[in-house]
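Structure assessment
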Amino acid sequence: MMLQAPWRVEHVDLAQPIPPISVHMGEGGVYVILWSNEIPVGITSFMAAQLPILSETFSAMIPSIVALGVGSRILPDSFPGTLRLHRSLPQPSATGSLEHLLSAPLSEAFARACSEIETTSSPATISVVVCTRDRGEMLKRCLDSLARIAKDIHEIIVVDNAPSSPETAEITRGREKVRYVAEPRPGLSVARNTGMRATSGSIIAFTDDDAVVHPRWARRIGAAFSHPDVLCVTGLVLPLELRTSSQLSFEMELGGFGRGVQSHRFRDQVFRPMIPFGSPVWHVGAGANMAVRRSALQIVGGFDERLGAGASGCSEDSEFWYRILAAGYDCRYDPSIVVHHEHRHTEAQLENQMRAYMKGHVSALLVQWVRHGHAGNLRRLFLTLPRHYVVAILAALRPSCWNRWRLLAPQLTGYICGLEALRWFWKIDPSSRPWPSGDRT
């Protein structure tokens, strides 16, 4: 399926009258995000052929849409984090009306759980690192969103990665709390490590230059580190827009960066059982919305500079989470920490992205096996992924499914290119070793 017409991203506040959902002329559908107390609690989508939907009908659908988001907020211990190999999720069995769902005492419990996010005292100082390369307009928009929450942020480090012009330096000049750092060596992991060394906060948060942060982003990051065993926090990445076929394909067919509205705390108990299969740590979150405790650098080190954009392609973030979980510490996913991301616009950009992602994933599996000796990484590399692609190729050979090759071919190419990382056998990148205490140079 290739979605052509643009979709509208619509935000619905449950505290306001529920609107009907309708499609505008030329739109292919509507992507709906449900909010309560400025927290996303449900996401759904409707194709144009399913619309319009009356307000009463949509209201009746909402309880089942928000069940996981609300339930995991009220009863976090009843919705433990898991690392699944498959994309399917258990379907909620919510019953009752929207009025019942939002009535006391459930509404009171949810409001209390939401308020705890805001009131949890956090002595953390938050440094923000934004790595960029020749994307001035996007960077301006990102920094403007950070400027609106400057009171919650200690400092903003903009790492200019192998720039071709002085544009980034000019954009950062004169901005409150923003500091410019040039990094001539290309690569996202290199830039992130350079950015971390330039920070002084107890929490180091990352977002991308093509993202826009929510007004409560930094405040909720600080609160999410309330437990000392949590070394890394990730949040929800929502699509900023779905105007092009590549943006729609990335979000709707490939799953996008979002990890849903259910909060998770990933612990050793959910990591260890998955080791024989290659722990799917990519479910922890996305690097576009991530924060780490500074002490993590002394425990697990920085980002592996052989991974990530500008090097192997990606997975520098998931490999970092793998080290944290393997060391017995926790990662937390909190969907109340929100950024809006502008996905790639063109088919060529999406194909390059898919090629890079699979190359990076294969590289990360090899890095993880070398470092930890977990054979599940090799099982995924040489058994699970080839088996998956054999099935996908056979399916794509059917005349009615030839369109699948547009995303399958770059992934296959990326898989083959990723095997180049076999040359890293028995080598560990120095940046991914624990950093000496006080190392900021």
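Shown above is the structure to which this text applies.
Right, let's walk through the structure included here. (Residues numbered from 1 in each chain as written. Predicted model: local features only at pLDDT ≥ 70, side-chain atom pairs only at ≥ 80, totals over all residues. Heavy atoms only, no water.)

1. Details of the overall build of the chain
Short version of the rule: Only DSSP runs of H or I with at least four residues qualify as helices, and only runs of E with at least two residues qualify as strands; both kinds are numbered from the N terminus onward. Only protein chains enter the accessibility calculation, which uses a 1.4 Å probe. A residue is then buried if its area is under 20% of the maximum for its type, exposed if over 50%, and partly exposed in between. Contact criterion: two residues are considered in contact whenever any of their non-hydrogen atoms come within 4.5 Å of each other. In these tables, accessible area is a Shrake-Rupley quantity obtained with a 1.4 Å probe, and a residue counts as shielded only by the protein chains included in the view.
Per the secondary structure count, the chain includes 14 helices and 12 strands. Here the chain holds 441 residues, and the buried ones make up 54% of them. Expressed as a percentage of contacts within the chain between residues at least 6 apart in sequence, the contacts between residues at least 24 apart total 76%. Here the chain displays about 18,700 Å² of accessible surface, and carbon together with sulfur accounts for 58% of that area.

2. Thoughts on empty space enclosed by the protein
Formally: A cavity, in this analysis, means grid points on a 1 Å lattice covering only the protein atoms where a 1.4 Å probe fits yet has no way out; a pocket is instead an open set bounded by protein on both sides within 12 Å along at least five of seven lines, and a residue lines either one if it has an atom within 4 Å of a point. Grid points are joined across faces, edges and corners, and a volume is the space filled by probe spheres set on the points.
Under the defined criterion, the tally for this structure stands at two cavities of 30 Å³ or more. Roughly 30 Å³ of volume is contained in the second largest cavity. V281, W282, S318, H361, A364, L365 and Q368 are the residues that line the second largest cavity. Take the lining of the second largest cavity: its biggest share by element is four residues, from helix α12 (residues 347-372).

3. Examining the sheet that holds strand β3 (residues 39-47)
For clarity, the cut-off: A pair of strands counts as paired when DSSP detects no fewer than two bridges linking them. Axis angles are defined between N-to-C directions and span 0 to 180 degrees, where every axis is a line fitted to C-alpha atoms and, for a helix, only to the segment in contact.
One open sheet holds the three strands; their spatial order is β1-β2-β3, and the pairing between them is mixed. Where the open sheet ends on each side, the last strands, each with one partner, are β1 (7-13) and β3. Geometrically, the sheet is characterised by an average inter-axis angle of 20° between neighbouring strands, direction not taken into account. As paired elements, strand β2 (residues 29-36) and β3 share eight bridges and run antiparallel to each other.

4. What to know about helix α4 (residues 136-147)
What counts is decided by this rule: The span one expects for a helix is its residue count, reduced by one, times 1.5 Å.
If you check α4, its first and last C-alpha atoms are 16 Å apart, about what 12 residues at 1.5 Å a residue would give, namely 16 Å. Among the residues of α4, G136, L139, C142, L143, S145 and L146 are the ones counted as buried. The secondary structure elements touched by the buried residues of α4 are β4 (126-132), β5 (155-161), α5 (167-172), β7 (203-208), β8 (211-213) and α7 (217-224).

5. Brief notes about a nonpolar patch on the surface
Note the threshold: Only residues whose relative accessible area exceeds 30% and that form no salt bridge are eligible for patches; like-charged ones are grouped when within 9 Å, while nonpolar side chains (Val, Leu, Ile, Met, Phe, Trp, Tyr) are grouped when within 5 Å. By definition here, a salt bridge exists when the distance from a side-chain nitrogen of Lys or Arg to a carboxyl oxygen of Asp or Glu is within 4 Å.
There is a patch of nonpolar side chains on the surface, built from V390, L394 and L397 and spanning about 300 Å² of accessible area. Among the structural elements, L394 can be located in helix α13 (residues 376-396).

6. Some thoughts on the pattern of salt bridges
Taken as a whole and assessed by the stated rule, the structure comprises 27 salt bridges. For the salt bridge of R73 with D334, the shortest nitrogen-to-oxygen distance reads 3.3 Å. Taken as a pair, R73 in helix α1 (residues 55-74) and D334 in strand β12 (residues 330-341) lie far apart in primary sequence, 261 residues in all. When sorted by exposure, R73 lands in the same class as D334, which is buried. In this structure, R192 and D208 form a salt bridge, with 3.6 Å as the shortest nitrogen-oxygen distance. Of the two residues, R192 is situated in helix α6 (residues 188-198) and D208 in strand β7; the sequence distance between them amounts to 16 residues. Ionic contacts of the salt-bridge type, sharing partners, join the residues R135, D209, D210 and R344 into one network.

7. Points about unusual backbone geometry
Cis peptide bonds are those with omega within 30 degrees of zero, and the linkage from L51 to P52 qualifies with 10°. Within the secondary structure, P52 is located in the loop between β3 and α1. Unusually for a residue other than glycine, E38 sits at a positive phi of about 60°. One can find E38 in the loop between β2 and β3. The partly exposed category is assigned to E38, whose relative accessible area is 35%. Positive phi, close to 65°, is recorded for K177, a residue that is not glycine. Secondary-structure assignment places K177 in the loop between α5 and β6 (178-183). The exposure class assigned to K177 is partly exposed, which follows from its relative accessible area of 33%.

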